[in-house]
Amino acid sequence: MIKSIIRCPNNMVMVFDEDEEQIPEYQGHYETVKESILKNAPPEAIFGIWIDYAADIRTVPREQW
């Protein structure tokens, strides 16, 4: 099950489950995986945006991700 999703500065997406393991089938370029993630992520999933690799990941509402 999807627990957290991070959009990276290069527009790639990383997705993790409750055991902090990556879920490869949901990872890839933002525009390619966005629809699938939004459809399958549970309401309690945490969405984040990593604006700059030198900065912290910022948590955002699903609608702004």
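One can find the structure itself at the top, above this paragraph.
Okay, so let's go over this structure. (Residues numbered from 1 in each chain as written. Predicted model: local features only at pLDDT ≥ 70, side-chain atom pairs only at ≥ 80, totals over all residues. Heavy atoms only, no water.)

### Overview of the overall build of the protein
For step 1, the next point in the chain: From N to C terminus, the protein includes 1 helix and 5 strands.
For step 2, the next point in the chain: Along the protein, helices and strands appear, N-terminal first, in the series β-β-β-α-β-β.
For step 3, the next point in the chain: Against the compact-globule benchmark of 11 Å for 65 residues, the protein has a radius of gyration of 11 Å, which places it among compact chains.
For step 4, the next point in the chain: Taken along its principal axes, the extent of the C-alpha atoms in the protein is 30 × 25 × 20 Å.
For step 5, the next point in the chain: Going through the 65 residues of the protein one by one, you find that 37% of them count as buried.
For step 6, the next point in the chain: Here the contacts in the protein between residues at least 6 apart in sequence split such that 35% fall between residues at least 24 apart.
For step 7, the next point in the chain: Accessible area of the protein: about 4300 Å², with a carbon and sulfur share of 50%.
For step 8, the next point in the chain: With 6 positive and 12 negative side-chain charges, the protein shows a separation of 8 Å between the mean positions of the two kinds. (Helix = DSSP H or I, 4+ residues; strand = E, 2+ residues; numbered from the N terminus. Rg over C-alpha atoms; globule rule 2.2 N^0.38 Å. Buried < 20%, exposed > 50% of the residue type's maximum accessible area, 1.4 Å probe, protein only. Contact = heavy atoms within 4.5 Å. Areas by Shrake-Rupley, 256 points an atom, 1.4 Å probe, with all protein chains shown as cover. Lys, Arg positive; Asp, Glu negative; His and termini not counted. Charge placed at Lys NZ, Arg CZ, Asp CG, Glu CD.)

### Considering the nonpolar core
For step 1, the next point in the chain: Core analysis: the biggest nonpolar cluster contains 15 residues, and Ile2, Ile5, Val13, Val15, Ile37, Phe47 and Trp65 have the highest contact counts within it.
For step 2, the next point in the chain: Taken together, the elements giving at least two residues each to this core come down to β1 (2–7), β2 (12–17), α1 (30–40) and β4 (46–49).
For step 3, the next point in the chain: Setting aside residues up to four positions removed in sequence, Ile2 forms contacts with Val15, Phe16, Ile23, Tyr26, Asn40, Ala41, Pro42 and Ala45. (Core = buried A, V, L, I, M, F, W, Y, C linked by side-chain atoms within 4.5 Å.)

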